[in-house]
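One-letter residues, chain by chain:
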Amino acid sequence: MAVTYYKSIDASAPTLSGSALSLTALLNSCLIAGYGSQSGLSWTRPNSTSNGASFKPASGSQPILQVYDNGQSANTYKEARVRAYETMSDLDTGTQPFPTVAQATTGLAIRKSTTADSSVRPWKLIADASRFYLFTQTGDFSTRYCVTFFGDIISYKTGGDSYSGTLIARSTEGTTESYDGFYQLNSSPSGSAIAGCYIDRSYTGLGGAVAIGKIADYSKAQQTVIGAGSTVLTYPNGPDGGLYLSRIWVTHGGALRGHLPGVWCPLHNLPLSDGDTFSGTGALSGRTFEAVSIAGTGQLMVETSNTWD
């Protein structure tokens, strides 16, 4: 299924705010029902109550995302609580959670707004049949977006990977940027897991949820923040005027489990302005990109073409 980019500036787009069920309605509109001229993506909503809903991808390993969006957060309607499961019988009950309760007592968080009211917040969501990235500009960090990822990574496991479902969100409820799990990078595959980042199971298929790390091309740009740092390539790169990008790889136990499809780490310090677009060249010919400024004072390049692996 094609990659689709939804934005709050679209005609008839749903609104996001610090009010009850606004995030649930947004996910339903983008992933399932569609809105205006934007079609949905054939995801399903297995469970729905007055407290929130669950969302299941149309293809892939099809983990289920539990979303509590009716003031369950310690910060009430400013955030939603999320956790993923392999299966769910109702909104409150599932098997093989990631993260587990032992890893995160109340799950992870998606920050919606700095205020618990109907103030409208900008957002972007890009998705296909197996995963989505949600960008929420909450009002806490000027023009920067908090990032949530849910769904399958591109796994390197030989013979296929039934447990590649991944959830990356905020590790703690609150405003601090360090709670945002997405922007952080490790310096090596053996680095410690990053808070707020979990995969369904190990590549062996055994055991429960695994806390994961993320790396980019540390040999070229010694970044621990996606798209930012003081020891990075200059932009543009002097010899060829280039903008250099790296995959973002998922790691655990010193191994490369796979990579995050459709997003790239620029190996420069904030090389573009938020919303700038460009086309790839060389090995990235045929791909189009948009720069998104993210929490942690970093920058992410989002692949907007239908060229995800």
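Scroll up to find the structure this text is about.
What you are looking at is a predicted structure, and each value in this text was computed from that prediction instead of being measured.

Asker: Got a minute to help me understand the pattern of salt bridges in this structure?
Answerer: As a working rule, side chains carrying opposite charge can pair if their charged atoms are close by. Under the definition given, this model contains 14 salt bridges. Residues aspartate 69 and lysine 112 are paired through a salt bridge, measuring 2.7 Å at the closest nitrogen-oxygen approach. You can see aspartate 69 sitting in the loop between strand 4 (64–68) and strand 5 (79–85) and its partner lysine 112 sitting in the loop between strand 8 (108–111) and strand 9 (123–127), a full 43 residues away along the chain. As far as burial versus exposure is concerned, aspartate 69 and lysine 112 are alike and both buried. One salt bridge in this structure joins arginine 287 and glutamate 303, with 3.1 Å as the shortest N-O distance. Residue arginine 287 is found in the loop between strand 21 (277–279) and strand 22 (288–294), and its partner glutamate 303 is found in strand 23 (residues 298–303); the two are separated by 16 residues along the sequence. There is no split in this pair, since arginine 287 and glutamate 303 are both buried. Among the ionic contacts, a cluster of salt bridges with common partners joins Lys7, Lys124 and Glu290.

Asker: Where do I start with the packing of aromatic side chains in this structure?
Answerer: Given two aromatic rings, their pairing is described by the distance between the two centres and the angle made by the two planes. Scanning the entire structure with this criterion turns up 10 aromatic pairs. Pairing tyrosine 6 with tyrosine 35 gives two aromatic rings, centres 5.9 Å apart and planes at 50°, and the pair type is tilted. Of this pair, tyrosine 6 sits in strand 1 (residues 4–7) while tyrosine 35 is found in the loop between helix 1 (22–33) and strand 2 (48–49), placing the two residues 29 residues apart along the sequence. The buried category is assigned to tyrosine 6, whose relative accessible area is 0%. Exposure remark for tyrosine 35: the relative accessible area of 7% places this residue in the buried category. Arranged with centres 6.5 Å apart and planes meeting at 85°, the rings of phenylalanine 135 and tyrosine 145 form a pair that is edge-to-face. With phenylalanine 135 in strand 10 (residues 131–136) and tyrosine 145 in the loop between strand 10 and strand 11 (146–152), the pair connects residues that are 10 residues apart, well separated along the chain.

Asker: What am I meant to see in the pairing of strand 13 (residues 165–168) here?
Answerer: Consecutive residues of a regular strand have side chains that alternate between opposite faces of the sheet. A two-sided burial pattern is seen for strand 13, the buried positions comprising Gly165 and Leu167 on one face and Thr166 and Ile168 on the other. Across four bridges, strand 11 lies against strand 13 in antiparallel orientation. Pairing of phenylalanine 150 across the sheet is with leucine 167, part of strand 13. Looking at chain direction, strand 13 and strand 14 (residues 197–199) are connected through three bridges and run antiparallel.

Asker: Can you help me understand the sheet that holds strand 11 in this one?
Answerer: The strands making up a sheet are joined through hydrogen bonds of the backbone, oriented either antiparallel or parallel. Sheet architecture is open: seven strands sit in the order 1-9-10-11-13-14-15, paired in antiparallel fashion. Across the chains shown, the open sheet's two edge strands, defined by having one partner strand only, are strand 1 and strand 15 (210–211). Where strand 10 lies against strand 11, six bridges are found, and the strand directions are antiparallel. Looking across to strand 11, one finds that threonine 136 is bridged to cysteine 146. Its contacts with the sheet place helix 1 against strand 1, strand 9 and strand 10, and it is angled at close to 40° to strand 9.

The rules behind the values
Residues numbered from 1 in each chain as written. Predicted model: local features only at pLDDT ≥ 70, side-chain atom pairs only at ≥ 80, totals over all residues. Heavy atoms only, no water. Salt bridge = Lys/Arg side-chain N within 4 Å of Asp/Glu carboxyl O. Helix = DSSP H or I, 4+ residues; strand = E, 2+ residues; numbered from the N terminus. Buried < 20%, exposed > 50% of the residue type's maximum accessible area, 1.4 Å probe, protein only. Phe/Tyr/Trp six-rings, centres within 6.5 Å; stacked < 30°, edge-to-face > 60°. Pairing = 2+ DSSP bridges. Contact = heavy atoms within 4.5 Å. Axes fitted to C-alpha atoms, helices over the stretch in contact; angles between N-to-C directions.

Functional significance is not addressed by these values, which are geometric in nature.
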